[in-house]
Amino acid sequence: MKMMIAIFGSLVFLAMPALAGDAAAGAQKSAVCGACHGATGSSVNPEWPNLAGQHEGYITFQLALFKQGVRDNALMMPMASALTDQDMQDLGAHFARQAPAGLEADPSNYKAGEKLYRGGDPERKLPACIACHGPQGKGNGPASYPTLRAQHAVYTYNQLKAYAEGRRRAPGNDIMQVIAARLTDEEMRALASYTQGLR
């Protein structure tokens, strides 16, 4: 069964391959990924995301979006274009089993990020990030909400900016565009700092 993404109104349907990911096979296939994301999924470049500990389904889904050109990235689109559905599942399984390393939060701004992450801002209709991404930033795999803990602050900030400016979209779900557009630049940086320090 081929992986396909169908968007009907605000609903996204993802037909997954019949087989689940094989982490051992994914480890063998991940050598090329390691050049940017690190051998164990912890990138040394803060512009590139850490994949260690990310949900298998989320990685698989994002790779499918890159392959289909739904998610635009000059580096990732050609890399994903050569992957089969099983390759994507295997890579997702491999990286999901790696332990995230990460860095510490910036003490100058993480408290403001923690306040928004845990409580949101009801007056501005900003929901708490914890509602989808969990108290430790582990996300929600079945709902396709990604793990944020130990993610590079630079990468997270860049993604929040991309959502706010409409350069990144989640097919069938505009919640991140709506939320990010209500954040100030300073708040994006604070949230990114806080999630970088989550474990």
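Residues numbered from 1 in each chain as written. Predicted model: local features only at pLDDT ≥ 70, side-chain atom pairs only at ≥ 80, totals over all residues. Heavy atoms only, no water.

Caption draft 1: Quick peek at the overall build of the protein. Along its length, the protein carries 10 helices and two strands. The helix and strand sequence of the protein, counted from the amino end, reads β-β-α-α-α-α-α-α-α-α-α-α. Here the C-alpha atoms of the protein give a radius of gyration of 16 Å, agreeing with the 16 Å that 2.2 N^0.38 yields for 199 residues. The dimensions of the protein, computed from C-alpha atoms along their principal axes, are 45 × 40 × 30 Å. Surface exposure of the protein reaches about 10300 Å², of which carbon and sulfur atoms provide 59%. Counting 19 positive and 17 negative side-chain charges, the protein places the averaged centre of each group 2 Å from the other. (Helix = DSSP H or I, 4+ residues; strand = E, 2+ residues; numbered from the N terminus. Rg over C-alpha atoms; globule rule 2.2 N^0.38 Å. Areas by Shrake-Rupley, 256 points an atom, 1.4 Å probe, with all protein chains shown as cover. Lys, Arg positive; Asp, Glu negative; His and termini not counted. Charge placed at Lys NZ, Arg CZ, Asp CG, Glu CD.)

Caption draft 2: Here's a closer look at the nonpolar core. By size, the foremost hydrophobic cluster in this structure holds 17 residues, and its most contacted members are Leu116, Tyr117, Leu126, Leu160, Leu183, Met188 and Leu191. Residue assignment for this core shows that the elements contributing at least two residues are helix 6 (110–119), helix 8 (153–164), helix 9 (175–181) and helix 10 (185–197). If sequence neighbours within four positions are ignored, Tyr117 has contacts with Ala128, Cys129, Ile130, His133, Gly134, Pro135, Gly137, Leu148, Leu191, Tyr194, Thr195 and Leu198. By size, the runner-up hydrophobic cluster in this structure holds nine residues, among which are Leu51, Ile59, Met88 and Phe95. (Core = buried A, V, L, I, M, F, W, Y, C linked by side-chain atoms within 4.5 Å. Buried < 20%, exposed > 50% of the residue type's maximum accessible area, 1.4 Å probe, protein only. Contact = heavy atoms within 4.5 Å.)

Caption draft 3: Molecular detail of the confidence of the model for the protein. Averaged over every residue, the pLDDT of the protein is 91; the share at 70 or more is 90%. Scored below 50 in pLDDT, residues 1–18 makes 43 contacts in the model with residues more than four places away or belonging to other chains. (pLDDT = per-residue confidence, 0-100.)

Caption draft 4: Geometry of the environment of Arg199. Inspection of the secondary structure puts Arg199 in the segment after helix 10. In this structure the C-alpha to C-alpha distance between Arg199 and Glu104, which are 95 residues apart in sequence, comes to 9.6 Å. Excluding residues within four positions of it along the chain, Arg199 makes contact with Ala101, Gly102, Leu103, Glu104, Gln136, Arg149 and Ala150. A polar contact of 3.2 Å, which involves the side chain of Arg199, links it to the backbone oxygen of Ala101. Reaching out from Arg199, the side chain makes a polar contact with the backbone oxygen of Leu103 at a distance of 2.8 Å. (Polar contact = N/O pair within 3.5 Å; in protein donor to acceptor, adjacent residues only side chain to side chain.)

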